[in-house]
Every structure is written in structure tokens, then in C-alpha cells.
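Residue strings, one per chain:
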Amino acid sequence: MAIDAAHVTKRFGDFVALDDVSVDIPTGALTALLGPSGGGKSTLLRIIAGLEQADSGTITIEGEEATRLSPQRRNVGFVFQHYAAFKHMTVYRNVAFGLEIRKVPKDKIRRRVTELLELVHLDAMAHRYPAQLSGGQRQRMALARALAVEPKVLLLDEPFGALDAQVRKELRTWLRRLHDEVHVTTVFVTHDQEEAMEVADSIVVLANGRVEQSGRPDELYERPANDFVMSFLGPVTTLGGELVRPHDLEVLVQPAPDTVPATVLRVVRLGFEVRVEVLLDGVETWAQVTRTTAARLGLQSGSTVYVRPERVSADSDSLVASA
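Residues numbered from 1 in each chain as written. Predicted model: local features only at pLDDT ≥ 70, side-chain atom pairs only at ≥ 80, totals over all residues. Heavy atoms only, no water.

Right, let's get into the overall build of the protein chain. Along the protein chain, the regular secondary structure elements total 10 helices and 17 strands. Taken along the three principal axes of its C-alpha coordinates, the protein chain extends 75 × 45 × 45 Å. Put simply, of all contacts in the protein chain between residues at least 6 apart along the chain, 62% involve residues at least 24 apart. If you sum the accessible surface of the protein chain, you get close to 16,400 Å²; carbon and sulfur atoms cover 50% of it. (Helix = DSSP H or I, 4+ residues; strand = E, 2+ residues; numbered from the N terminus. Contact = heavy atoms within 4.5 Å. Areas by Shrake-Rupley, 256 points an atom, 1.4 Å probe, with all protein chains shown as cover.)

Take a look at the structure:
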């Protein structure tokens, strides 16, 4: 494992930020620490980086005991949400800074910085200042600066949190591609479920200072350990008092085995998807169907429909297994 956090506990006064947390981060993986605000994600990341000290527990990085090492001796790259750029330095100098203070020869600095700026697509902006860059460009500069010193691990604390939704989507796709090129072990904090599901190889879900579940994104989505994980990773609704995914509900206009009658309250079209809000046994719930399905069923407010968990045929199971 690249990072082993074992039995880590951290308190701030009476507040328990981390409660006996153990996490293994595989070498070369891109791992997301996911959870609600105050769940302990950033605290764990800062303890791994050495910016905070745990009250108890150990941190091992690439096989080396790092619990009491200073941040400078841990050889980690850290990227903050708000860039922390040197405003009076050009993009080139910002990226070169860590190498310059390490007294790396100038020709090696030039090669390394040029290579990184090409990698993050900022080579044409090397002589600009941070104020002359967009938010997405400044964050790419921050990532290049963190990578310049060739860290053992790269730690990102909500790296795209200050950006608008469209730029976030573009940058998370770019981050995945960048990681596949540089192969550095990367841990990033996010409260954005879609971001974690799209980008990460593995996800650690934290809440109230404890690990709720960890594993591959598809494992957590399909086999959540508890209702919290299920609710946090994707949309949920209820059927018969049980949590279910809205897209796993089948909506019919004729009664069929295992269906429950419901009254359509509202039909909301969201591009290709349609949200069908219904009243079922006095409880409001909803199903997600495609636009084509909604049109075929002729769904409209006030109509009666019949709802059941979507059935998966044996042929479908065999198809999934063979894939």
C-alpha cells in the first residue's frame, strides 16, 4: 500500500473529527475521500500530509513510518481548493518554485517545468501571471507545481470546489487523464458524489469521523454497506418502507405481479430522463424513466400507474456475467 492510515483519532476540543479511522490507499491508485461536510475527509488528508498531527494512530507512506515526520520530509504534493498561487510570480516560476528552493540545477528545472506545462496544457501561458488565468487554468498550474518535485503521493483537498459546474466537469475528466499518464498515487477530497464516481479507482466514504465503507465505485453503488452509503451515493426513494434507486423502479399502466398502484402527482422532464413523482399508499415517492418510456406510457398528472422493483431477466444476468 502507498498509504496506510491505522487507527487514527483526532479531536478538536470536544469535537471528534476522526474516530479510530483505518484506511489503505493502493499504490498508483486514484482514491476519493467522500462524505458530507464535517465528516473528517480534509482532517484525514491533512494528517497524511503532516499539516495536522493525530492524537493517536500511525501514518505510513510507501513503507516508511511518517507519523511524526514534518510535511517537508514526507515527499507529498498538496493542492488546496484555492490554488495558493504566488501572485507576483509567473506561471513558470510558480511551477519551478519547489525545485528552486531544493537547489535543483537550472537546466533540470527548465526541462521539468517545460515538460509539466506541456502536460497540463499551459505551455503557451508560461509567462503569464495567476491573475491572467481562468480558475481552471490556475488549478492546472497548482497541480503542475505539486507534481514538479516528483512526490510519492499527490493530495488534493476539494481541488475543484471553487469552480463552476461546467469547469468542474472538464477538469475532473482532465484529472483522470493526467493521473493515467503520470501514475502517481493520488488522494482527493470531495463531497461531490458524481465527481468521485466518475474519477476515482476507489472511494472511502467517511461520516461523523468514521469510515462507513470503502471499495470500488461500482461496489459501493450496487452493494452499499448501509442506508447512509446508499443515500449518499446517488439518488434514492422508498418502496414499501425500503430504500431503492429510482431507476430500479418499473412503472406500468396495467396491474401486474408484485406491482403496487400509485397516482401520478407530477411528471418532470430533465433532458433525456423523466422524473415521475407518485403518491403510493399515502407516501410520496418517485421513479426515473427515459423520455421514450414516459411517452410510450402516456404519463400525466392524476393518472393511475403500477410500480414494482424492476425485474432483471436471467438472460440479462448472463450477459452481465459474460461481460
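The phi torsion at His7 lies on the positive side, around 55 degrees, for a residue other than glycine. Mapping His7 onto the fold places it in strand S1 (residues 3-12). Unlike most non-glycine residues, Glu158 shows phi in positive territory, near 45 degrees. With respect to the helices and strands, the residue Glu158 is situated in the loop between strand S7 (153-157) and helix H5 (165-182). Taking the relative accessible area as the measure of exposure, Glu158 reaches 13% and is therefore buried. (Buried < 20%, exposed > 50% of the residue type's maximum accessible area, 1.4 Å probe, protein only.)

The subject of this paragraph is the sheet that holds S1. With respect to topology, four strands assemble into an open sheet ordered S2-S1-S4-S5, the strand pairing being antiparallel. On the outer flanks of this sheet lie strand S2 (15-25) and strand S5 (64-65), each paired with one strand and no other. (Pairing = 2+ DSSP bridges.)

With that settled, the discussion passes to the sheet that holds strand S13 (residues 249-252). Pairing is antiparallel across the open sheet formed by five strands, whose spatial order is S13-S17-S14-S15-S16. For this open sheet the edge positions go to S13 and strand S16 (283-290), each flanked by a neighbour on one side alone. Taking each pair of neighbouring strands and ignoring which way they run, the sheet shows an average axis angle of 45 degrees. With four bridges connecting them, S13 and strand S17 (residues 304-309) associate as antiparallel partners. By the bridge assignment, Val251 is partnered in S17 with Val307. (Axes fitted to C-alpha atoms, helices over the stretch in contact; angles between N-to-C directions.)

A few words on the pattern of salt bridges. Pairing between side chains becomes possible if they bear opposite charge and their charged atoms approach one another. The full count for this structure, using the stated rule, is 16 salt bridges. One salt bridge in this structure joins Arg111 and Asp107, with 3.7 Å as the shortest N-O distance. Here Arg111 pairs with Asp107, and both are found in helix H3 (residues 106-119), just four residues apart, close to one helical turn. Arg308 serves as the salt-bridge partner of Glu250, at 2.9 Å between the closest nitrogen and oxygen. Of this pair, Glu250 sits in strand S13 while Arg308 sits in strand S17, placing them 58 residues apart in sequence. A relative accessible area of 9% means that Arg308 is categorised as buried. Members of the salt-bridge network, linked through shared partners, are Arg172, Asp192, Glu194 and Glu198. (Salt bridge = Lys/Arg side-chain N within 4 Å of Asp/Glu carboxyl O.)

Direction vectors running N to C along helix H2 (residues 91-101) and H3 enclose 130 degrees, while the axes themselves pass 10 Å from each other. Overall, the two elements H2 and H3 adopt an arrangement that is oblique. Crossing geometry of H2 relative to H3 is assigned as right-handed. Here Val91, Tyr92, Val95, Ala96, Leu99 and Glu100 of H2 come into contact with H3, specifically with Ile109, Arg110, Arg112, Val113, Leu116 and Leu117. Here the residues of the contact of H2 with H3 are counted per class, giving nine nonpolar, no polar and three charged. (Parallel < 35°, antiparallel > 145°, perpendicular 65-115°, else oblique. Left-handed = near helix turned anticlockwise from the far one by under 90°. Nonpolar A, V, L, I, M, F, W, Y, C, P; charged D, E, K, R; others polar.)

Under the 1.5 Å per step criterion, the end-to-end length of helix H4 (residues 135-148) is 20 Å for 14 residues, consistent within 8% with the ideal 20 Å. Residue Glu150 follows H4 closely and has a positive phi angle near 50 degrees. (Expected span 1.5 Å × (residues − 1).)

Here we take up the nonpolar core. Val95, Val113, Leu117, Leu154 and Ile203 are the most contacted members of the largest nonpolar core, which totals 45 residues. Among the elements that line this core, the one with the most residues is H4, at seven residues. Excluding residues within four positions of it along the chain, Val113 makes contact with Tyr92, Val95, Ala96 and Leu99. Listed in part, the 27 residues of the second largest apolar core include Leu18, Val21, Phe78 and Val153. (Core = buried A, V, L, I, M, F, W, Y, C linked by side-chain atoms within 4.5 Å.)

In the predicted model, the protein chain carries a mean pLDDT of 90, and the fraction of residues at 70 or more is 95%. Residue range residues 313-323 is modelled with pLDDT below 50. Its contacts to residues more than four positions away, or to other chains, number one contact. (pLDDT = per-residue confidence, 0-100.)

Moving on to the environment of Glu219. One can find Glu219 in helix H7 (residues 217-222). Distance from Glu219 to Ala207, taken between C-alpha atoms, is 18 Å for residues 12 residues apart in sequence.

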